[in-house]
Each structure stands twice: as structure tokens, then as C-alpha cells.
Amino acid sequence: SLPCCTNGTGKDRGSPSRLFPKPAWVKPSMTGYAVPPPRGQIMHETFDRLKQAAGPGGFSDDAAEIAPYLEEWRGRSRGQTKLLLKPATTEQVSAILAICHETGTPIVPQGGNTGLVGAQIPLHGEVLLSLKRMNRIRAVDAPGMTLTAEAGVTLKQSQDAASAERLLFPLSLGSEGSCTIGGNI
């Protein structure tokens with residue numbers, strides 16, 4: 001039995017494959033790594049499920065609306081996708097990720113699209129998950145000196161919320177007006 005499955009007690013909690021089942025699309029390859037489905041072969045049914053999970057106003061398949069999300073701000077990376085998801089709640093994100101896991105659908109998360117390495121760009125047609133609508137400061141606890149923010153909150157919003165409580169949010173970047181906490185962390 002593997003140490004990760006015994007909880008240090010010697011009592012088996014189950015195999016890793018039982019704890020973390022593989023999605024149906026996983027097939028063994030000659031290298032021993034999982035082989036994802038061919039790119040571009042994401043089913044229309046999966047897109048419909050993802051749109052439903054994102055909720056009203058939570059998706060776009062309009063190329064003109066998607067275009068600004070597909071280019072890294074310096075113009076060094078240009079991506080492609082047929083579906084932009086814009087969830088507004090953690091429950092929607094959870095439902096979207098569950099569908100993607102179940103169907104083997106590749107997904108790329110994006111915050112403020114200010115990254116310098118292009119990891120926020122769907123280069124191979126992956127579904128794009130923008131977290132910009134998750135832009136609420138949930139709580140500022142001045143005595144505890146904590147701030148709870150959703151992933152799409154900008155660094156500047158976080159700094160301002162902390163400052164309003166006479167606190168300092170100790171991060172400053174040139175892109176603080178557009179970079180998001182989800183990307184900063």
C-alpha cells in the first residue's frame with residue numbers, strides 16, 4: 001500500500017486510482033502518459049453543458065467578443081478558442097471544471113491577461129475561462145489584517161479596500177489597475 005493511501009496509520013484508505021478516477025478519455029500510451037483526445041474534437045454537447053454551467057451572461061462564442069482575450073498584451077502570443085466562459089461564482093467555476101475533467105476538455109484560466117509568459121492564452125483551441133466577473137471583495141477584517149477577494153478583483157481594488165480600513169496591501173505592480181488577485185497569487 002502506498003504511504004499516501006494509509007494516512008500514516010497503516011490502514012488502507014483505497015488506491016490512488018479509486019480516490020482520483022481517470023476521466024473516460026484517458027487511454028494508455030506507449031510512453032505511459034495519458035493521451036488526451038485530439039485537439040479541436042470537443043463535442044458540441046460539451047460546449048452546451050459548459051454554457052449552461054456558466055449561466056446567463058457567462059459565456060460567449062462570438063469571435064469579435066473573444067478576440068481581445070486571445071492576444072497577450074505585448075502581442076507576442078496569439079491564441080484561438082471557440083468558447084469563452086465568464087463565470088461569476090465559485091459554484092459556476094466548480095461546475096465548469098467538473099465538466100472539463102469528466103470530458104477531458106482542455107481549459108485555460110485567465111485573470112487580467114497581463115501575464116508575461118503567455119500562459120493565459122489558449123494556444124491550441126482550449127476553452128478559455130475568464131475570471132473577470134468574479135470581482136468582489138468579500139470581506140476586510142481590519143483586526144485580523146486579512147482581505148478576502150475573488151479571483152477577478154484587481155490589485156488596485158484590493159489596495160483601495162485595504163487602505164479604506166487603514167491597512168496596506170503589500171504588493172505593487174505596474175499593472176495593478178488590470179492584473180487580478182487570482183493571477184497574482
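Quick notes on the rules
- Residues numbered from 1 in each chain as written.
- Predicted model: local features only at pLDDT ≥ 70, side-chain atom pairs only at ≥ 80, totals over all residues.
- Heavy atoms only, no water.
- Salt bridge = Lys/Arg side-chain N within 4 Å of Asp/Glu carboxyl O.
- Helix = DSSP H or I, 4+ residues; strand = E, 2+ residues; numbered from the N terminus.
- Buried < 20%, exposed > 50% of the residue type's maximum accessible area, 1.4 Å probe, protein only.
- Arc of directions from axis to C-beta.
- Contact = heavy atoms within 4.5 Å.
- 1 Å grid on protein atoms, 1.4 Å probe; cavity = no way out; pocket = protein on both sides within 12 Å on 5 of 7 lines; lining within 4 Å.
- Points joined across faces, edges and corners; volume = space filled by probe spheres on them.
- Nonpolar A, V, L, I, M, F, W, Y, C, P; charged D, E, K, R; others polar.

Q: So what's going on with the pattern of salt bridges? Residues and values would help.
A: Within this structure, the stated rule accounts for 7 salt bridges. One salt bridge connects Glu102 with Arg49, and the closest N-O pair in it is separated by 3.0 Å. In this pair, Glu102 sits in helix H4 (residues 90-103) while Arg49 sits in helix H2 (residues 44-54), placing the two residues 53 residues apart along the sequence. A residue is classified by how much of its surface remains accessible, and Glu102, at 44% relative accessible area, is partly exposed. Among the salt bridges present, the one from Arg138 reaches Glu150, with a minimum N-O distance of 3.1 Å. Pair noted here: Arg138 is in strand S5 (residues 137-141) and Glu150 is in the loop between strand S6 (146-149) and helix H5 (155-164), with a separation of 12 residues, a long-range link.

Q: Quick rundown of H5? Include the residues and the values.
A: Among the residues of H5, those classed as buried are Leu155, Ser158, Gln159, Ala161 and Ala162. Buried residues in H5, looked at end-on, bunch into an arc of 165°, giving them a common side. Contacts from the buried residues of H5 go to S5, S6 and helix H6 (181-184). At the exit of H5 stands Arg166, carrying a positive phi of roughly 60°.

Q: Just give me the short version of unusual backbone geometry, but keep the residues and values in it.
A: When glycine is set aside, most residues are seen to have a negative phi, and most peptide bonds are trans. For Met145, which is not a glycine, the phi torsion comes out positive at approximately 55°. Mapped onto the fold, Met145 is located in the loop between S5 and S6. Note on Met145: relative accessible area 64%, which makes it exposed. You will see that Arg166, though not glycine, has its phi angle at about 60°, which is positive. In this fold, Arg166 is placed in the loop between H5 and H6. Classification of Arg166 as exposed rests on a relative accessible area of 81%.

Q: I'd like to hear about the environment of Thr46, residue by residue, with values.
A: When you line up the elements, Thr46 lands in helix H2. Along the chain, Thr46 and Gly104 lie 58 residues apart, while their C-alpha atoms are 10.0 Å from each other. Setting aside anything within four residues of it in sequence, one finds Thr46 in contact with Ile99, Thr103 and Thr105.

Q: How would you explain the layout of surface pockets if you had to name every residue and give the values?
A: Empty space left among the atoms is revealed by rolling a probe the size of a water molecule over them. Here the largest pocket is characterised by a volume of approximately 250 Å³. Those elements that provide at least two residues to the lining of the largest pocket are strand S3 (107-110) and H6. Per-element tally for the lining of the largest pocket: the top contributor is H6, with 3 residues. Looking at the lining of the largest pocket, its residues break down into 5 nonpolar, 11 polar and no charged.

The quantities given are spatial measurements derived from coordinates; they are silent on function.
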